[in-house]
Amino acid sequence: MRKMADHFAVFVLGLLAVFAVSLFTLYSYSNIRKQHVIVTVATLIAWYSSFIIVFILPLDISATKYKQCQKDHNCSLENSNNIHETDPHHGFLANMTTVSSPSSCPCVEPWSWVPQTVLSVFWKIVYWGAQVLTWLVLPIMNSYASAGEFTVIGKLKSAIIANLIYYATYVVIFCICLIYLATQPYVTIDLENLKVIGITASNTWGLFLLVLLYGYGLVDIPRSIWQSSHTLYMLQQTYFKVAKVTMEYSEAQEKYDDTLEDVRRSVEVIKYNHPFRKYVDTILSKCPEDFRRSLRRNDDYVDYNEQDCSIPTEKSLIKMHINVMTTMRNYTRTQSQKETLLHKAIQLEDDIANQNSSNRYYKRSTGEYNGYLKFLYSPRLEWWWRIVVRSLLLKVFAVTLGVFSAMVVWSECVFFISKPVMSLFAIFINGLGKSHSAYVSIEIISILVLAYLCVCAYRTVFKIRVFNYYYVASNHQTDENSLLFSGMLLSRLTPPLCLNFLSLIQLDSHVTKDNAVLETEYTKIMGHMDVISFIANGFNVYFPIAIVLLCCATIFKLGSRLLHCIGFEQFIDDDISQEIVDEGKSYVQREKIKSARSRDQLQRRTALQNSIRRSELGNKSSASITDWNNYKSCDSTSNSKIIAVWLCLHPFLFSHCLMLFFCILIHFYLLLFQNKIFY
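Residues numbered from 1 in each chain as written. Predicted model: local features only at pLDDT ≥ 70, side-chain atom pairs only at ≥ 80, totals over all residues. Heavy atoms only, no water.

J.: Mind showing me how you'd approach the overall build of the protein here?
T.: Counting its regular elements, the protein contains 24 helices and two strands. Out of the 679 residues belonging to the protein, those deemed buried represent 42%. Total accessible area on the protein is roughly 38500 Å²; 65% of this is exposed by carbon and sulfur atoms. (Helix = DSSP H or I, 4+ residues; strand = E, 2+ residues; numbered from the N terminus. Buried < 20%, exposed > 50% of the residue type's maximum accessible area, 1.4 Å probe, protein only. Areas by Shrake-Rupley, 256 points an atom, 1.4 Å probe, with all protein chains shown as cover.)

This is how it looks when you write it as structure tokens:
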């Protein structure tokens, strides 16, 4: 049981680590405090089920290699009764209790071995949960969040209508597969085959999208990292982005003002007693708080039956509601992007200015570094990191990822060739699998390859921008629609990505045509597409070769050049976009001057406040000393004056005191005199 606890500790720690990464990523991109909790939970589940394959699928692969070793050495059958001993008193946990194999079997149990039952249940939950999310829940939620209707039924109706075209494409693929299946005399149409058709249609759509994303990501990621090592190039590109975002921000601000003006007119027309007033209040709740405060409250009663005034219709209010949500989203996002790009441009300008520093001290134009590592991040250390070390590491990392991308492209083109094995990743995994104990190396290689494939596919999803409607932006600027859209795409890409990776390492027996190869638990859950042969043996095998063409198109920037030719400005490393670069540079300089003036004003204001505070403290201290001296002198003077006044006001008392004093003296004198006479 202790060994089983160690196995499950690795499994559970992996799940928790991936959950933490998913939650942190969601927090970085979304505004959790303002968005609906259902959107947060649905997006988190979609991202988590997509990220978890990086850790769990390698465990499934190592477990499969372990079972393959047992099968090859004929020790799986003789130990079948010992591998899973059943105790009727302990139930399910007893079925998962492992017993070490006899010394005759050379196979060593993986350190992270997970029982077959656990993996089977886990993959069913992950796969079918992701399918329900991506095909049913998330599309409806996406359309529901962007709908402008004011009632739940109206939003649901609008969401269903908006997804009819989306579902129609899936139904068309399903019907084509069903018609093909009906024309095959040797295949019967039953529930199992219908399930295979549904999985085939989903994976076909996902594989088509996955290949497109691979063709861009496999080239763009190494190239972007290599370009990041060249400060001057990155500065020119940032100038270009600043100019574009500034124009977008100006357009968004104009539309923002026009939209708020339309809302103001609607508020003035529709009073509190109109049935549409609740719709107007819903629209106002999406507007900025300053705008709501600026509205003049007018609760005058208006008889709408007698007065002939132009009242907006419900459809126009729905359109206004959608316009307000879209405008507010674009305005806040472009504002945040502009500030981020300005900060990046200023940082790059500082890098260029400090390259020729004689004392090797990094000087910031915006002041000293005030981050979390302020006590460790000295100016000299910052100079060495930003000017020397960082550029070198980025170049090495870019070359490494470039080689990795070339290996992926080669393996995608030859993974279906099993004799001889030409897929590089299959050679690595199979070679390590023959050592009977190198399961850690198998898992590490699988994690690295899977992680890189996921980054290539998912990063493109996070960078995608569909007509400013779906746009994933960092710094908490991603709206609910874009979050749900990204979760939908990730859930749809995960199954074909897993199957494609298993094909790359040749763990799919129907691809290699080798029945002696054991399959993973994930493949058993997914099944095979042999029912539809032209997809199983044609599209799924040969379509990934199109990655070569897509990578070439990305290398030569054919997409950017095509968009530039039809009127969409793209950053191309030539003189075509130099005017926009110069415009962005001038805008950055203006913002730097404005920022410097505001900093100077703030410093002067702070210095003035400090001097006033010091002078007030100094005056108070000197005044307190003078007051104390005056108090003491005044106190003694006042005491003497009080005594003098008191004596003046009481003359009879003074005379009586003198008389009493003389009487006492006379009395003592008489006593002495009497004693003398007596003697």
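More follows now that the structure is in view.
J.: Help me out: how do you make sense of unusual backbone geometry in this one?
T.: Where the residue is not glycine, phi is negative for most of them; where a peptide bond is considered, it is trans in most cases. One non-glycine residue, Q506, lies in positive phi territory at about 60°. The topology assignment puts Q506 in the loop between α17 (480-504) and α18 (509-512). Judged by its relative accessible area of 7%, Q506 falls in the buried class. We note that K557 has phi near 55°; this positive angle belongs to a residue other than glycine. Along the chain, the position of K557 falls in the loop between α21 (547-555) and α22 (558-565).

J.: Is there a simple way to think about a nonpolar patch on the surface in this case?
T.: Taken together, the side chains of W384, W385, V388, V389 and L393 define a hydrophobic patch exposed on the protein surface, amounting to about 410 Å² of accessible area. Along the chain, the position of L393 falls in helix α14 (residues 379-414). (Patch = residues over 30% accessible without salt bridge, like charges linked within 9 Å, V, L, I, M, F, W, Y side chains within 5 Å. Salt bridge = Lys/Arg side-chain N within 4 Å of Asp/Glu carboxyl O.)

J.: Would you mind showing me how to read the packing of helix α6 (residues 116-146) against helix α7 (residues 152-162) here?
T.: The angle between the axes and the distance between the axes are what describe a pair of packed helices. The N-to-C vectors of α6 and α7 enclose an angle of 120°; their axes lie 8 Å apart at closest approach. What the angle tells us is that α6 and α7 run oblique. Handedness of the α6/α7 crossing: right-handed. Taking contact as the criterion, the partners of I140, S143 and Y144 in α6 are, on α7, V152, K155, L156, A159, I160 and A162. (Axes fitted to C-alpha atoms, helices over the stretch in contact; angles between N-to-C directions. Parallel < 35°, antiparallel > 145°, perpendicular 65-115°, else oblique. Left-handed = near helix turned anticlockwise from the far one by under 90°. Contact = heavy atoms within 4.5 Å.)

J.: Sorry, what's going on with the nonpolar core here?
T.: One finds I56, W123 and Y458 to be the most contacted residues of the largest nonpolar core, which totals 96 residues. Looking at this core element by element, the count peaks at 13 residues for α17. Formed by 21 residues, the second largest nonpolar core is a distinct cluster that contains Y279, V280, M328 and Y331. (Core = buried A, V, L, I, M, F, W, Y, C linked by side-chain atoms within 4.5 Å.)

J.: What is the right way to look at helix α2 (residues 37-51) in this model?
T.: Since the α-helix packs 3.6 residues into each turn, any two residues three or four apart lie on the same face. The end-to-end C-alpha distance of α2, which contains 15 residues, comes to 21 Å, matching closely the 21 Å that a straight helix rising 1.5 Å per residue would cover. For α2, the set of buried residues is V39, T40, A42, T43, L44, A46, W47, S49, S50 and F51. (Expected span 1.5 Å × (residues − 1).)

J.: Could you clarify how one ought to interpret a negative patch on the surface in this entry?
T.: A cluster of like negative charges, contributed by E251, E254, D257 and D258, occupies part of the molecular surface. When you line up the elements, D258 lands in helix α10 (residues 231-269). (Lys, Arg positive; Asp, Glu negative; His and termini not counted. Charge placed at Lys NZ, Arg CZ, Asp CG, Glu CD.)

J.: Would you explain the pattern of salt bridges in this entry?
T.: Counted under the stated rule, the structure contains 12 salt bridges. The closest approach of N and O atoms between D220 and R459, which form a salt bridge, is 2.6 Å. One end of the pair, D220, is in helix α9 (residues 191-228); the other, R459, is in helix α16 (residues 439-463), with 239 residues separating them in the sequence. Between E591 and K594 there is a salt bridge, with the nearest N and O atoms lying 3.6 Å from each other. Remark: K594 and E591 occur in helix α23 (residues 578-649); sequence separation between them is three residues, near one turn of the helix. Several salt bridges share partner residues, and in doing so they unite K67, E521 and K524 into one network.

J.: How should the state of the cysteines be read in this particular structure?
T.: Throughout the structure, instances matching the rule amount to zero disulfides. For the unlinked cysteine C498, the closest cysteine sulfur is that of C454, found at 7.3 Å. C551 provides the cysteine sulfur closest to C552, a residue in no disulfide bond, and the two sulfurs are 7.0 Å apart. Residue C552 is classed as partly exposed on the basis of its relative accessible area, which comes to 37%. (Disulfide = S-S within 2.5 Å.)

J.: Looking at this model, I keep getting lost on empty space enclosed by the protein. Mind explaining?
T.: Empty space among the atoms can be located by rolling a probe the size of a water molecule over them. Counted by the stated rule, this structure contains four cavities of 30 Å³ or more. Considered as a void within the structure, the second largest cavity measures approximately 40 Å³ in volume. As for the second largest cavity, its lining consists of I53, W123, V126, Y127, A130, T494, P495, C498 and Y522. Breaking the lining of the second largest cavity down by element, the ones donating at least two residues are α6 and α17. Among the residues making up the lining of the second largest cavity, the classes are represented as eight nonpolar, one polar and no charged. (1 Å grid on protein atoms, 1.4 Å probe; cavity = no way out; pocket = protein on both sides within 12 Å on 5 of 7 lines; lining within 4 Å. Points joined across faces, edges and corners; volume = space filled by probe spheres on them. Nonpolar A, V, L, I, M, F, W, Y, C, P; charged D, E, K, R; others polar.)

J.: I keep staring at the side chain of K155 and nothing clicks. Help me out?
T.: One can find K155 in helix α7. Despite being buried, K155 has no salt bridge partner; E149 is the closest side chain of opposite charge, sitting 6.0 Å away. Among the polar contacts listed, one links the side chain of K155 to the backbone oxygen of E149, at a separation of 3.2 Å. (Polar contact = N/O pair within 3.5 Å; in protein donor to acceptor, adjacent residues only side chain to side chain.)

J.: Can you walk me through α14 in this structure?
T.: With 36 residues, α14 extends 51 Å between its outermost C-alpha atoms, agreeing within 8% with the 52 Å of an ideal straight helix rising 1.5 Å per residue. Considering bend angle alone, the principal kink of α14 is centred on V389 and spans about 40°. (Bend = angle between axes of the 7 residues up to and from the residue.)

J.: Please clarify how the layout of surface pockets should be interpreted in this entry.
T.: Of the volumes computed, that of the second largest pocket is approximately 1100 Å³. Taken together, 29 residues form the lining of the second largest pocket, with K34, Q35, K286, D479 and E480 sitting closest to its centre. Top contributing element to the lining of the second largest pocket by residue count: helix α13 (residues 314-353), with seven residues. Partitioning the lining of the second largest pocket into residue classes produces 10 nonpolar, 11 polar and eight charged.

Worth remembering: the numbers are spatial, not functional.
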